[in-house]
Every structure is written in C-alpha cells, then in structure tokens.
Amino acid sequence: MKAICLVKQVPALGSIEFDEETKSLKREGVPLELNEYDRYAVQYARQLADEVVVMTMGPPQAEEALREALGLGADRAIHLSDRVFALADTIGTSRTLALAIRKEGADLVLCGRKALDSETWQVPPQVAAFLGWPHSISSSTLERSGDGLRLTRETDFGHDVYEAELPLVVSVGRPPEDAPTRSGGDEIVVWQATDLVDDLRPNDKRFGQTGSPTRVLAVRDARPERAGIRAESAQEAASRVRELLADRAPEESSWDKPEHIADEPGASYDCWTVCELVDGRHRRVSLELIARSRNLAGKLGGRAVALLIGHDLDGAMQEAARHGAEVVYTVDDPALADYHPELWAEVLRRVLAEHLPRVVLVPATGRGRDYGPRAAGDLELGMTADCVGVDIAKAGRLLQQKPAYGGNIVSVILGATTPQLATVLPRMYEPLQPRDFDTEIRRLDLGALPEPKVRLVERKRDCASYELDEKDVVVGVGPTVQPDVLAAIEATDAALAGTREACAAGLVEPTRQVGLLGRPVAPRLYVGIGVGDDLEPWGGVVKARVIVSVGEETPDEVDVSVSGDARELLPILLDSIRSPG
C-alpha cells in the first residue's frame, strides 16, 4: 500500500499577532511548525502503508514541515511551490493537490482533520471530490482490513465504524495509540505548476487565486474584550457574571424581514438552510439558521427555504414551519433514515445542481463539515467554513465572516460562484420564537440513491457531545478535577466539556474536547474548572458570551476568575444565568 500524507506548516500556537497599521497578520519572525493533526496522519501512514510520501503546498519555508514529517518516518517528500499556487482557497488548493496526487499515484491519502490556522475542515473531502474517491473525516482509529481499511469516526453522537476499499481519502483527528518513530528518507522534490500540467496559461483558472471561487476582502482583529475581574468570593463572581450576561444578551431574531437591499430591486432570490435533526427534532443550529435565512432572504427579496433530508419528516416539517421557514423542501427516503455522509453529500449535490439556490447555509457540525464541503467540491463551488456571521452585500452576494485561531482573527470573504455556500457555527444567531405559520411544503424526488462505497458496519450512540451546541452553559474541566466535582457538574443542566489533557486522562469523552485542538463552543456562559492559563483550551471558547475561570490562575481570556471549592462555587455561578436580568 502506498500512502500520501497531505501536511501543512502553520504558525505556532500563541504566536499570532495582528498588525493594526496594515490590517493583516504579522508573519515576519513568527515561529512555524508542522500542523498537529498532520503529525497524526503521518504516524498512521507509517503504521498502515509500505511506502509513505508527504506532500505540502506552500512557500519555500514550508520545507521545514516536510523535514519534520520525514523525521516521523516518511520515505519521501513533495513540495508544491510556485507563485502560481498563491492565494488559493480550499477549492483551488484541493484541485492542485489532486493533480499532484494523480501524478504521484497512491492507494490512500491521509490528512489531518483541520489546519490549526485556517480551521476550514474542507480540504480532505474536497480533495476526494476532485479525485473521485470516497472519503471519511475525523477518524480516531484506522487499521488494515483485507485489501481496505476499517476505521472509526468520531461524531457528535458517538462513534461510527466503517469499512472501505481503496483508494480512499481519510482525515485523522486522533494520534495512534502506538506511534513508534523510525528514521525516514531525506529526499524532497519541488514541483511547480508545469510539473502538473503541460498547458499552463496566464491567469490559469486551475491554480491560485484565479482558480479560487472565494476571495478575502479584509482581515480583522476580532479578539473580544474581556472584563478581567478577579472576584474575592463566589457571590461577587456571580454578581459580576449576572451583570455581564445582561450587557451581552444575544440579539433576538425577528419575524419581520428586512426590505430588498438593492436600490432598484430586480430579481428576487431565496436563501436556503440545510437542516439537521436529532431523534426527529431540529438541532438548535438548524433553527438558528432558518431564522437567519429569513433576514438574508428579505435582503434578497426572496423566501426562507428549509431543506430536510431523512425519513419520516412530517414532524420536522412542521417544526421548521413554526420557526420561520416559508418553504420546506423534503428529501424523504428510507435509505436516509440513518445519516451516511456519501448519501447526504449526493442529495445536496443533486439539489444544488437542479435548483441552483442563491444562498445555502449549512450547520458547521460534525456532519455539515462532511457532506457540505464534499458537495461543494463535486460542483467546484466556493464554500466558506465555520462562519461566525453571514450577511448580504449590496450586489446580492453573500458576505461571510470566517474565524481563525479560535475566532480571534476574522476574515471577510466573498464568493464568486452560485450557489453561494457557507457552513455557520452554532449559536451565532437566535432561533425565532415559534408561531403558527403558513408554509409551502414541497417533496423532492431525486431518483435512486447510489450504494455507498464506504460501508457503515456499526453505529455507537455512546455520547451526546452535540449538546455542547445546545446548552446555554458549558462547564469545562482540566485534568486535576476530582470525581465528585464531575458528579456535581453532571447533576446540573450544563454540558460537560474537557481540555485535551482531561480527555486524554479519561475524565471526559474525547468528543467533548474543547480547544484549538478540539472543538469550538459558544454558550452564553462557559465555566472552566482547573483549566489553567494555557492558550489552547481557552482558544475554543472565544465566542462564549461570558467566561469564568475557577482556579488560582487569572487567564487573559476570561471575564471573571475566582478561587475556591468548585463544588460550592458551581451552583452559585450557574444560578447567575437563571436570575432576573
């Protein structure tokens, strides 16, 4: 078996600074390192494959990342380095990588789950789309199974076990349990665009910015202003939290739609939301995006459309209607009763190709980051990942606010293709208060669905980490937290999260890891107990409205810090969110 590992060089955690004069990131003198998730991919490749080739696309200094990967045991390295490749988005990047993979040849492509600087999550499924191969994302374990692979994928609900034949693209979210190091090769070859195609043209639309359907308009420093209060008692901490929660109350969504944004309205366009369900009911993020789609649809002069995919959707149709959808499209098929990424991606691809919606919002969930980018890659449509805000520009284009480094930096992005796609993080908007509403229901017949190439063999619903996006309060714990404190948290209505170290110690399920190396959350109130002052875990809660730290440290990233017995502090702190005001 031959494996290619796609790796990236990223700035070291905590080294990013924003230049207020140039309105851009400071890059001079910033220490660089191999993306942590890509390290896992190389380690797995070394276990699984007979030959391992590492590949990166970037400027000359990216050679250092390749050297590090060779040190992990890779046999050879390929450096895609050409000015022609510069300023590519995920579509432009994935197209170039796919061309290089075809030239080199491979049975398996392994990637990290995400790059820690841009946090798009999109390159693995989009590389697979350009190759025409199946894919699987966020795999926690991989092993040989006959001529293929058996892999376990982490989800918001537990773990899915799949088997797949080769060729295959897999993104890795956890390191292997046993990762012995051995010396690798030292050969690095540099490929330019002319090594990939023999008909390179000026402003070639296969590469770089000209081959990218999205473009960054501006970069902004979005670090939230934190209060930095050191409280002397639980009562003082709760009082300050109560005040901050009142000051930072979320803006309510309105049933009233804004007027068409154009000075001289001509055509009207709808805004679509792909909805995700839990046990037949909408996830909160789906209702948030339906509410936001009403606002965007008003500016486009159109309607808010909800797209439901699954089976037995009658209850979900009514719930979408009561929360603001003016039109509900359903794709109802017994084959869609259980989620499968290939089937959902194919459904979305067919809907996009046949109906050409103007704007489509997709939840930035474990599922949405899978089927959304794959469908966009299949159709070569621009998609911006993990948006913290979406709006409509005067020209009727979708303005997307894309976070990086946990949300401390935000890029403003505009897409050039239609449909215009974005995945949007949970809890960026508020759902509408439900009311009876006259909604048009349309059932779509997309024909027979294909047989998935990646076979689901077992689904374990052994955790419910999706509730980190549902709850108003999240309590995160560090590795020194005691069992009685965990029991006290679980007795509340808060969602439990953990740092990387707490999850590694088995105190918290790995799918509940919050941080730059885990998942982001944005509750109204986040309480960290024994989290410490390291940047990595706090980087996952940048968008929380109020942040409290329980411990001796006073991190810069929090609003209120307080010391004391967590079992006594917790009820007082959590009561602050239920108190008037």
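Just above, that's the structure.
Below is a summary of the structure that appears in this document. (Residues numbered from 1 in each chain as written. Predicted model: local features only at pLDDT ≥ 70, side-chain atom pairs only at ≥ 80, totals over all residues. Heavy atoms only, no water.)

1. Let's talk about the side chain of Glu 288
Here is step 1 of the chain: Looking at the element boundaries, Glu 288 is found in helix α7 (residues 284–300).
Here is step 2 of the chain: On the basis of relative accessible area, Glu 288 is assigned to the buried category, the value being 1%.
Here is step 3 of the chain: Among the polar contacts made by the side chain of Glu 288, one reaches the main-chain amide nitrogen of Arg 427 at a distance of 2.7 Å.
Here is step 4 of the chain: Dropping the residues within four chain positions of it, Glu 288 is found in contact with Leu 425, Pro 426, Arg 427, Met 428, Tyr 429, Glu 430 and Pro 431. (Helix = DSSP H or I, 4+ residues; strand = E, 2+ residues; numbered from the N terminus. Buried < 20%, exposed > 50% of the residue type's maximum accessible area, 1.4 Å probe, protein only. Polar contact = N/O pair within 3.5 Å; in protein donor to acceptor, adjacent residues only side chain to side chain. Contact = heavy atoms within 4.5 Å.)

2. Description of the state of the cysteines
Working definition: the covalent bond between the sulfur atoms of two cysteines is a disulfide.
Here is step 1 of the chain: Within the structure shown, the criterion is met by 0 disulfides.
Here is step 2 of the chain: For Cys 5, which is in no disulfide, the shortest distance to another cysteine sulfur is to Cys 111 and amounts to 8.2 Å.
Here is step 3 of the chain: We classify Cys 5 as buried; its relative accessible area is 0%.
Here is step 4 of the chain: Distance from the sulfur of Cys 271, which forms no disulfide, to the nearest cysteine sulfur (Cys 275) is 11 Å.
Here is step 5 of the chain: Under the relative-accessibility criterion, Cys 271 is labelled buried at 0%. (Disulfide = S-S within 2.5 Å.)

3. A word on the sheet that holds strand β21 (residues 359–363)
Here is step 1 of the chain: The 7 strands lie next to each other as β22-β26-β21-β16-β19-β20-β27, forming an open sheet whose pairing is parallel. Every other strand in the sheet has two partners, leaving β22 (383–387) and β27 (440–443) as the edge strands with one partner each. Each strand of the sheet is rotated relative to its neighbour by a mean of 20 degrees, with strand direction disregarded.
Here is step 2 of the chain: Relative to strand β20 (residues 327–332), strand β19 (residues 301–310) runs parallel, the two sharing 6 bridges. In the strand pairing of β20, Val 305 is matched with Val 327.
Here is step 3 of the chain: Each of β19, β20 and β27 touches helix α8 (residues 314–322); the most contacted strand, β19, lies at about 155 degrees to it. (Pairing = 2+ DSSP bridges. Axes fitted to C-alpha atoms, helices over the stretch in contact; angles between N-to-C directions.)

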